[in-house]
Amino acid sequence: MVTTLHHILANSIVLLALKLGILLLLLPATLVVGYVELKVMAHMQHRLGPMYAGAYHGWAQTLADGLKFIQKEDIMAAATDRTVFSMVPYITMLGAALTFVVIPFSRHGVIANLDIGLFYALAVSSISVIGVLAAGWASANKYSLMGGLRAAAQLIAYELPLVLAAAAVAMQAGSLSLVSIAEAQRYVPFALWAQPLGFLIFLAAATAEVSRTPFDMPVAEAEIITGAFTEYSAMKFAFGLFAAEYIAMIGMSALAATLFLGGYVPLLPQLRFVPGPVWFLIKTGLLIFLLIWIRWTFPRLREDQLQKFAWKVLIPLSLVNIFVTGALKLAHWT
Amino acid sequence: MTIDGDGRERVHRVKLPKSVSFLLNWSRKYSLWMFQFGLACCSIEFIASAMPKHDIMRLGVIPFPASPRQADLMVVAGTVTDKMAPAVKRVYEQMPEPKYVISMGSCSNCGGPYWDSYCVTKGVDQIIPVDVYVPGCPPRPEGLLYGIVRLQNKIQNENIPERWSGHAAKIPQIMGTGRSGGI
Amino acid sequence: MATPPRSLRSWERVDPEEFSRRVAGKLGDAAASVDVRNGTIHVTLPAGDVVGAARVLKEDPELDCAYFNFLSAVDWEAEGFEVLVALHSLTYGNTVIAHVRLPAESPSMASLTALYGGANWHERECAEMFGIDFDGHPNLVKLYLPEDFEGYPLRRSFKLASRRYKAWPGAKDEEEAAAGGPLR
Amino acid sequence: MGTVPEDLTRVPDLSSTGGLHTEEMVLNVGPQHPATHGVLRVLVSVDGERIVRAEPVIGYMHRGHEKLVEQRDFRQITNLLSRMDWLSGINNEIPASLAVERMLELEVPRRAQYLRVILAELNRITNHLMFTGSFGLELGATTPVMYAFRERELIQEALELVTGGRMHFGFIRPGGLKEDVPRGFVELARRGVRQLVAKIPDYENLLMGNEIFKQRTVGVGRLDPALALDHGVSGPILRACGIPYDIRKVDPYLVYDEFEFDTPLGAQGDSFDRFWVLVQEMKESARIVEQALDGLPEGSHIGAVPKRLTLPKGQIYCHAENPLGELGYYLVSDGGNKPYRLKIRTPSFSNISVAAHMLRGAFVPDMIAILGSMFFVVGDIDR
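Numbering of residues starts from 1 in each chain and follows the order in which that chain's sequence is written. Chains and ligands are labelled sequentially in the order written, the chains with letters from A and the ligands with numbers from 1. In keeping with the predicted nature of the model, local features appear solely for residues at pLDDT of at least 70, side-chain atom pairs appear and are counted solely at 80 or more, and the whole-chain, interface and lining totals rest on all residues. Side-chain metrics in this entry use all non-hydrogen atoms of the structure; hydrogen atoms and water are not considered.

Brief notes about the overall build of chain B
The helix count covers DSSP runs of H or I at least four residues long, the strand count covers runs of E at least two residues long, and both are numbered beginning at the N terminus. Looking only at helices and strands, one finds six helices and eight strands in chain B. Counting helices and strands in the order they occur from the N terminus, chain B gives β-β-α-β-α-β-β-α-β-α-β-α-α-β. Per-residue burial for chain B yields a buried fraction of 64% across its 183 residues. Pairs at least 24 apart in sequence give 78% of the contacts found in chain B among residues at least 6 apart. Residue-level accessible areas treat just the shown protein chains as cover; the underlying method is Shrake-Rupley with a 1.4 Å probe. For chain B, the exposed surface amounts to about 6900 Å²; the carbon and sulfur share of it is 56%. Type-normalised accessible area, obtained with a 1.4 Å probe on protein chains alone, sets the label of each residue: buried when under 20%, exposed when over 50%, and partly exposed for intermediate values. The contact criterion used throughout is that any non-hydrogen atoms of two residues lie within 4.5 Å.

Next comes the structure, spelled out in structure tokens:
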């Protein structure tokens, strides 16, 4: 009976609205995550963080930030390539946001359940780097250029382990569809038994993908002054760097939660009454918290050290992981 | 903008609904991204104000941006020398409007203990407009926090059309002499 | 890597009196006078061969003044300038300060940069503050002040403009006030 | 010996580019840059991310202390000198008073000497804590600086209780101290250093125990001892090269010879060693403070100082171990109540003059690690 209900829901207009809502909710979600980051950071550092904006524990801090950025003067220096410069925020935002098209919030709460969902998610998530590179080039600023080049160099280093770790998951689940992958983890997430190594590799690579410490060399404030985004101000900055970073962070966390923690699938059969989206949000939230935690604890690596780490550690490890997964699969089925 | 009979520019007064103007002012008041700009001694107290004991972030002052392009507030903390003055001015010019300046400490207010030096600019207000002066040598972190609250009050009462047309006169706030370290 | 300096290997404090006798013996005629004041050895060198004397101080294993402490000057107005070169011997724990007298008109001295790399900035500072020329310095441009600054601030003849117009903060002791100095 | 070693003056071999012709880019770092904490400017020529040449440009904080003290009398100059290296006011004031006292042959009461040592060491701790935190900050770790300031505020509280100031104390007078310490100081100071010693393992674990931190600092910015001596490098940076030059030991002033403490020495002279020495020195300072608090004698806080402070004609060189290295005052008196000339030999000036050699051949991110571990205060460089 439950399945029929789902079936009806899957084709209703209500669900269509829900699907659109997911995309529309992305901006408010960045505000929430931004606020959470400020508060978590502050409490880790023995501080309180924002307390006055919005009266209660500074809940409206990021809202004020957003409203303020709208009012700021949009500066473009004379030497900038104006067209490319202006396009950058759209590219980085879009690249980050498109991932959500295939991420299942519940069994049917997915905008498009593509057969090659995983492939699609990994492909679109690397679009934003083009934006960063373009920003570095168009800004006509040496620091930005260095930031852009660092981002491009980083892309090659982390993209391979990211894809290889995801490939092992696809092998394990026997599907590239994210819904099938989540379903394959009913009650036992992959991170716990089949893919713990893959999970760690994926997390490391995903941190590099969203340029967060210890892999935040493309934006390193102390070295190259927010890198590619040195010259950006006002809304271009808010969207190009801030919103894009948070959306990418949410996106990668959601992807990792789906691939390794089972996404919307409950952790225990007894807890089936808790709806799928809640499970999904809890798991994604945990991973976001983890990323924030790492961000405010570790120093950053050097670009060449990241390359070494990616090529000499992550990639061999992920190949081993694939091999082991394949071997186990073979042993199990024969 | 039109030109008056006597050749002066006159701004068409745009009336903003009170609620809108309140909201816009409120957002700028609580989102003061502060440019990390330390010059001399005061910069240490300036850093101390961002640290656990005083935690300037409570007031919505976010000390993140390393680039002036993303900053709303510049705290000139320390002695401005004649050699540094062009750089200070340039940094100020790189900030996007609406922007605010707090002059922190006696040196940047008036030269302070270096009043007779041959290479110190006596007062940063000679090169950039200042919104709030915080006295002290150096001011205690609490002094800076009070200065920020004064700035926030000022922002909350701003007339947005005037400010954006560039016609609002900059009226600096001069704080009462609080208790401060040093001389 | 170069051989570690002797200072690394051993460390003993030699009595300043004894060390000054050693300095006097090693420098011989190169030093006009050697004496000890407050535990520091003061050597007066003629302006002619400062580098030679410094080389002896640095390279003689019994002196071993390899540590370049500072270089500066004192303006004695009509009596010319006195350049101070402070060297330290880590091995024997003594500071040697060389005094070099230069004329008030176009003072000039040989640069120590070839012997002590650290002298570079000190000489630049000295040149910009006192107007002393250092022969053989690779890059004798202004160190502190803006390019267009005129005058040599640390010369006694350089008066502070602010002081000229504003005698604040007034007399600093009773005698000065009695002599008609400005009051607070 | 003592000259610049060949391998450090040479531009590094760039054959790693495979003979590819690459263009150098001049990058202007500063005078306003987050990594130069203050207003140091470094002009670097980079090839990709490798530094081919680097030239520090200083003078952006030159305030003319040496000229200004000629206009102020001996009681006033300590107030100005306190502002020179703004992280260690007490330590700046001490040798200036010492110079005056030695010239006048003034007797300083033992209580004042002990209190000077306590205040100087507390000040050294606050200075070192600042650099402990900011070094992490520059390498991208934002949290250690917050923890460092937590302890710093505690010790600052003790200093504030005594002097009324947080940074510029103006508390050391020729002949002794401005005032005696108030009640409760001994307990507060003891609590401060005890908490610090208890928390130091936290910093050690958070930074030095971190693999990424090691990767960024071990072997980075190695300073050759001969080059260091040649440039007059002193303080923790020199000791990180393994040279036991600590003025508190080699030329004891105040009552430092009555206390038991060690001089931590590094072996490699790289960024990691410099940081390690810095952290160890805090423990040693805490040891000194504890001993001095235990043995604090009773008595007066200031000796018999003449009402009118005039110095006999003469010259004196007086140096002390500042937190950052050797601080020396060369005082020339013409018999008046003001210094005829005061040459200030600051540690940071000499320390940073060697930076050009250290930066050559490093990567741009290494520049941050090197400059961060050179522990300089711009006011101390420029005076």
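Some remarks on the interface of chain B and chain D
How big an interface is tends to be stated in terms of accessible area lost as the parts join. Listed as interface residues are 39 residues of chain B and, on the opposing side, 34 residues of chain D. Buried surface at the junction of chain B and chain D, both sides included, amounts to about 3100 Å², of which 63% is carbon and sulfur. When the buried surface of chain B facing chain D is broken down by residue, Ile44(B), Lys83(B) and Tyr114(B) rank first, second and third, together holding 19% of it. Any carboxyl oxygen of Asp or Glu within 4 Å of a side-chain nitrogen of Lys or Arg constitutes a salt bridge here. Summed over the shared surface of chain B and chain D, the result is five salt bridges. For the salt bridge of Asp116(B) with Arg72(D), the shortest nitrogen-to-oxygen distance reads 3.1 Å. What qualifies as a polar contact is a pair of N or O atoms within 3.5 Å, subject to a donor-acceptor requirement within protein and to the restriction that residues adjacent in sequence count only when both atoms come from side chains. Applying the counting rule to chain B against chain D returns 11 residue pairs in polar contact (both at pLDDT 80 or more). Taken together, the elements giving at least two residues each to the side of chain B that touches chain D come down to α2 (41–48) and α3 (85–94) of chain B. With five residues, the top contributor of residues to the side of chain B that touches chain D is α2(B). Grouping the amino acids of the side of chain B that touches chain D by side-chain chemistry returns 25 nonpolar, eight polar and six charged. Two parts placed together each lose some accessible area under a 1.4 Å probe, and adding up what both lose gives the buried area. For this classification, the nonpolar set comprises Ala, Val, Leu, Ile, Met, Phe, Trp, Tyr, Cys and Pro, the charged set comprises Asp, Glu, Lys and Arg, and every other residue, Gly included, is treated as polar.

Remarks on the pattern of salt bridges
Following the criterion strictly, the structure yields 50 salt bridges over all chains and no others. For Glu153(D), the salt bridge is made with Lys53(B), and the minimal N-O distance between the two is 3.9 Å. Taken as a pair, Glu153(D) in helix α6 (residues 143–163) and Lys53(B) in the loop between α2 and β4 (61–62) lie in two separate chains rather than in one. For Lys53(B), a relative accessible area of 46% corresponds to the partly exposed category. The partner of Arg55(C) in a salt bridge is Glu59(C), with the nearest N and O atoms 3.7 Å apart.

Quick look at the interface of chain D and chain C
Counting residues at the interface gives 57 residues for chain D and 59 residues for chain C. Both faces considered, chain D and chain C share a buried interface measuring about 5000 Å² in area, 58% of it formed by carbon and sulfur atoms. Across the chain D-chain C interface, the total number found is four salt bridges. A salt bridge links Glu70(D) to Arg156(C); the shortest N-O distance between them is 3.4 Å. Taken together, chain D and chain C are joined by 22 residue pairs in polar contact (both at pLDDT 80 or more). Looking at the side of chain D that touches chain C, the elements that each hand over two or more residues are β3 (50–57), α2 (65–68), α9 (225–230), β6 (314–322), β7 (325–333), β8 (341–345), α13 (347–353) and α16 (378–382) of chain D. Taken together, the residues of the side of chain D that touches chain C break down into 22 nonpolar, 15 polar and 20 charged.

Some details on unusual backbone geometry
In this model, Cys137(B) is joined to Pro138(B) through a cis peptide bond whose omega is -15°. Along the chain, the position of Pro138(B) falls in the loop between β7 (132–134) and α5 (141–156). The residue Ser211(A) is not glycine, and still its phi comes out positive at about 50°. Within the fold, Ser211(A) resides in the loop between α10 (196–209) and α11 (221–224).

Topic: empty space enclosed by the protein
Definitions used throughout: a 1 Å grid over protein atoms alone; a cavity as a set of points that fits a 1.4 Å probe which cannot get out; a pocket as an open set with protein on both sides within 12 Å along at least five of seven lines; a lining residue as one with an atom within 4 Å of a point. Grid points are joined across faces, edges and corners, and a volume is the space filled by probe spheres set on the points. Applying the stated criterion to the full structure yields nine cavities of 30 Å³ or more. Of the pockets and cavities examined, the largest cavity occupies roughly 350 Å³. Mapped onto the lining of the largest cavity, the elements with two or more residues apiece are α5 (82–97), α7 (127–138), α8 (142–173), α10 and α12 (234–260) of chain A. In terms of residue count, α12(A) provides more of the lining of the largest cavity than any other element does, eight residues in total. Here the residues of the lining of the largest cavity sort into 15 nonpolar, nine polar and two charged. There is about 70 Å³ of room inside the second largest cavity. Forming the walls of the second largest cavity are 14 residues, and the residues nearest its centre are Cys41(B), Cys42(B), Cys107(B), Cys137(B) and His168(D). Sorting the residues of the lining of the second largest cavity by element identifies α2 and α4 (106–110) of chain B as the ones contributing at least two each.

Overview of the sheet that holds β8(D)
All names here are of chain D. In spatial order, the strands read β6-β7-β8; together these three strands make up an open sheet with antiparallel pairing. Sheet topology places β6 and β8 at the edges, where each strand pairs with a single neighbour. With direction set aside, neighbouring strand axes in the sheet form an average angle of 15°. Two strands pair when backbone bridges link them, and β7 and β8 are joined in this way by five bridges, in the antiparallel orientation. Its bridge partner lying in β8, Gly 328 is registered against Arg 345. For two strands to be treated as a pair, DSSP must find no fewer than two bridges joining them. Angular values range over 0 to 180 degrees, each being the angle between N-to-C directions of two axes fitted as lines to C-alpha atoms, with helices fitted over their stretch in contact.

Brief notes about α10(A)
All names here are of chain A. The end-to-end C-alpha separation of α10 is 20 Å, in line with the 20 Å expected for 14 residues at 1.5 Å each. Regarding α10, the residues found buried are Gly 198, Phe 199, Ile 201, Phe 202, Leu 203, Ala 204, Ala 205, Ala 206, Thr 207, Ala 208 and Glu 209. One or two positions beyond α10, positive phi appears at Ser 211, with a value near 50°. A helix is expected to span 1.5 Å multiplied by its residue count minus one.

Examining the confidence of the model for chain C
Residues and elements named next belong to chain C. Every residue is assigned a pLDDT by the predictor, reflecting its confidence on a scale from 0 to 100. Averaged over all residues, the pLDDT of chain C is 80; the fraction at 70 or higher stands at 83%. Across residues 1–9, confidence stays below pLDDT 50; counting only partners more than four residues off in sequence or on other chains, it has 24 contacts. Interface confidence for the predicted complex, expressed as ipTM, amounts to 0.83; the pTM equals 0.85.

Considering the sheet that holds β3(D)
All names here are of chain D. If you walk across this open sheet you meet the three strands as β1-β2-β3, and the pairing is antiparallel. Whereas interior strands pair on both sides, the edge strands pair on one side only; in this sheet they are β1 (25–29) and β3. Strand-to-strand twist in this sheet, taken as the mean axis angle between neighbours without regard to direction, amounts to 20°.

Details of the pairing of strand β5 (residues 94–102) of chain C
All names here are of chain C. Taking burial as the measure, the nine residues of β5 include eight buried ones, the bulk of the element. As judged from the five bridges shared by strand β2 (residues 40–45) and β5, these two strands associate in the parallel manner. Within the sheet, the bridge partner assigned to Val 43 lies in β5 and is Ala 98. Pairing between strand β4 (residues 81–89) and β5: nine bridges, direction antiparallel. Residue Ser 89 lies in a different strand from β5, and its bridge partner there is Asn 94. Where β4 hands over to β5, the hairpin turn is made up of four residues, of which Gly 93 adopts a positive phi near 65°.

Concerning the environment of Phe260(A)
Residue and element names in this part refer to chain A. The topology assignment puts Phe 260 in helix α12. Looking at Phe 260, the relative accessible area reads 0%, which means it is buried. Spatially, the C-alpha atom of Phe 260 lies 9.7 Å from that of Val 188, the residues being 72 residues apart in sequence.

Considerations on the confidence of the model for chain B
All names here are of chain B. Across chain B, the average pLDDT comes to 79, with 81% of residues at 70 or higher. At the level of individual helices and strands, chain B shows its lowest average pLDDT in strand β1 (residues 2–3), which scores 51, and its highest in β7, which scores 91. Note that pLDDT drops below 50 for residues 176–183; the model gives that stretch 16 contacts with residues more than four away or on any other chain.

Here's the deal with the state of the cysteines
In plain terms, two cysteine sulfur atoms within 2.5 Å form what is called a disulfide here. Counting across every chain of the model gives zero disulfides over all chains. The thiol of Cys41(B) is unpaired, and the distance to the nearest cysteine sulfur, on Cys42(B), comes to 6.1 Å. A relative accessible area of 6% means that Cys41(B) is categorised as buried. Here Cys241(D) stays free of any disulfide, with the sulfur of Cys65(C) as its closest cysteine sulfur at 20 Å. Overall, the relative accessible area of 6% leaves Cys241(D) in the buried class.

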